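# Per-entry structural report
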Amino acid sequence: MQEVERLAEDYYKEYVSPKTSLMLADVLDEVIVRQGIEVIYLSIPKMDGEDRILNGMFFKHVDETVPPKIVINQLDTIRTQNFTLAHEWFHAILESEDLKKYSIQIQSNEELERAGDYFAASILMNQEAFVSYFELIRRQSLELQVFKLADIFKVPYVSVVRRLSELDLTPVAELASLTERELAELRYKQIGESILDSPPKRIQFTQYQQLVKDKVVKGELSNLDAAKKLTRLNPNLSEEYFEKSAGTRDIDQLWDELDEG
């Protein structure tokens, strides 16, 4: 995992200036899109018989002219979406990057997922920045440390607990067995709710949405492309366009890409 953290450190230094207080979570999707990866936000409810909802997926088409895609479940909290996006970015990096200078050896799918989580934690909670903020609140209770660090880095509470343990900053046994939901409930009881514990409420740009609608009517934009453009601005309208493209070549192409990925 040391090599995974080194990879995360290199990427962090590339995109975050030490002269700013920027948190990578604030701009992560923009960073990923600039690398030619489509980020799509979809509502993915838990299916009957499944233990948990699907947080996200990475897909790469066999045709290199088709951009790779990261799908994020927009029903998740902001914290979880941020962590999932970083995790899926790791999958994308493994598919595209020359990793010869990193001795990353993954033997199983379980190791791959664990490495993805470790990369996400390492890049969103950069060690130097994380330790610096921790030192400021070291004398506070463990619960407050976790709540405040989770808010600063905009990541799940369970990820902060794990990071505190990985960096050997403080004993975390009393919180290590709690789930994300349980930690969120504990936070609510102690200091109140956080906007990060809900799905994001994205701003809807009415004029832009109307422009997209007009282009679809004129045949200048497919339903699928319209759905992609609106996925973050108006998720409900985006889903309507995805449904409209059902049975068409567009949606068949999308799911073919996802399946082949």
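In what follows, the structure referred to is the one given above.
Residues numbered from 1 in each chain as written. Predicted model: local features only at pLDDT ≥ 70, side-chain atom pairs only at ≥ 80, totals over all residues. Heavy atoms only, no water.

### Side note on the packing of helix 5 (residues 127-136) against helix 6 (residues 142-153)
- Running from N to C, helix 5 and helix 6 cross one another at 135°; their axes reach a closest spacing of 11 Å. As far as their axial angle goes, helix 6 and helix 5 are oblique. For the pair helix 5 and helix 6, the sense of crossing is right-handed. Side by side, helix 5 and helix 6 meet where Ala129, Phe130, Tyr133 and Phe134 of the first sit next to Gln145, Leu149, Ile152 and Phe153 of the second.
- Looking at the contact of helix 5 with helix 6, its residues break down into 7 nonpolar, 1 polar and no charged. (Axes fitted to C-alpha atoms, helices over the stretch in contact; angles between N-to-C directions. Helix = DSSP H or I, 4+ residues; strand = E, 2+ residues; numbered from the N terminus. Parallel < 35°, antiparallel > 145°, perpendicular 65-115°, else oblique. Left-handed = near helix turned anticlockwise from the far one by under 90°. Contact = heavy atoms within 4.5 Å. Nonpolar A, V, L, I, M, F, W, Y, C, P; charged D, E, K, R; others polar.)

### Re the pattern of salt bridges
- Per the counting criterion, the structure on display carries 10 salt bridges.
- Put simply, aspartate 151 and arginine 79 hold a salt bridge, and the shortest N to O gap is 2.6 Å. Of this pair, aspartate 151 sits in helix 6 while arginine 79 sits in helix 3 (residues 78-96), and the two are 72 residues apart along the sequence.
- The exposure class assigned to aspartate 151 is partly exposed, which follows from its relative accessible area of 24%.
- By sharing partners, the salt bridges in this structure join Arg79, Asp151, Arg187 and Asp197 into a single network. (Salt bridge = Lys/Arg side-chain N within 4 Å of Asp/Glu carboxyl O. Buried < 20%, exposed > 50% of the residue type's maximum accessible area, 1.4 Å probe, protein only.)

### Considerations on the side chain of serine 238
- When you line up the elements, serine 238 lands in helix 12 (residues 235-244).
- Under the relative-accessibility criterion, serine 238 is labelled buried at 1%.
- Sequence-distant contacts of serine 238, that is, excluding residues within four places in its chain, are made with Ala227, Leu230 and Thr231.

### A word on the sheet that holds strand 1 (residues 38-42)
- The strand order 1-3-2 describes an open sheet built from 3 strands, whose pairing is mixed. Each edge of the open sheet is held by one strand with a lone partner, namely strand 1 and strand 2 (56-59). Geometrically, the sheet is characterised by an average inter-axis angle of 15° between neighbouring strands, direction not taken into account.
- Pairing between strand 1 and strand 3 (residues 69-73): 5 bridges, direction parallel. The partner of valine 39 across the bridge, within strand 3, is isoleucine 70. (Pairing = 2+ DSSP bridges.)

### Looking at helix 7 (residues 157-166)
- Those residues of helix 7 that fall on the buried side of the exposure criterion are Tyr157, Ser159, Val160, Val161, Arg163 and Leu164.
- Residue aspartate 168 follows helix 7 closely and has a positive phi angle near 55°.

### Section: the nonpolar core
- Trp89, Phe119, Ile123, Phe130, Val146, Val160 and Leu164 are the most contacted members of the largest nonpolar core, which has 57 residues in total.
- Among the elements that take part in this core, helix 4 (residues 109-124) stands out by supplying 8 residues, more than any other.
- If near-sequence neighbours (up to four positions away) are discounted, leucine 164 is found in contact with Phe130, Phe134, Leu142, Val146, Leu149, Leu169, Thr170 and Val172.
- Residues Ile44, Val216, Ala227 and Phe242 belong to the second largest nonpolar core, which totals 15 residues. (Core = buried A, V, L, I, M, F, W, Y, C linked by side-chain atoms within 4.5 Å.)

### Let's talk about the packing of aromatic side chains
- The tally for this structure, following the rule as stated, stands at 8 aromatic pairs.
- Measuring from centroid to centroid gives 6.5 Å for tyrosine 11 and tyrosine 15, while their planes differ by 40°, and the two rings are tilted. Remark: tyrosine 15 and tyrosine 11 occur in helix 1 (residues 2-15); sequence separation between them is 4 residues, near one turn of the helix.
- With centroids separated by 5.5 Å and ring planes inclined at 40°, the aromatic side chains of phenylalanine 130 and phenylalanine 153 adopt a geometry described as tilted. In this pair, phenylalanine 130 sits in helix 5 while phenylalanine 153 sits in helix 6, placing the two residues 23 residues apart along the sequence.
- Judged by its relative accessible area of 0%, phenylalanine 130 falls in the buried class.
- Judged by relative accessible area, phenylalanine 153 falls into the buried class, the value being 1%.
- Ring pairs connect the aromatic residues Tyr11, Tyr15, Trp89, Phe90 and Phe119, which therefore count as one cluster. (Phe/Tyr/Trp six-rings, centres within 6.5 Å; stacked < 30°, edge-to-face > 60°.)

### Points about the packing of helix 3 against helix 4
- Closest axis-to-axis distance for the helix 3/helix 4 pair is 8 Å, and the angle between their directions is 115°. With respect to the hand of their crossing, helix 3 and helix 4 are arranged in right-handed fashion. Counted together, Asn82, Phe83, Ala86, His87, Trp89, Phe90, His91, Ile93 and Leu94 of helix 3 and Leu112, Glu113, Ala115, Gly116, Asp117, Phe119, Ala120, Ala121, Ile123 and Leu124 of helix 4 form the full contact between these two elements.
- Grouping the amino acids of the contact of helix 3 with helix 4 by side-chain chemistry returns 13 nonpolar, 4 polar and 2 charged.

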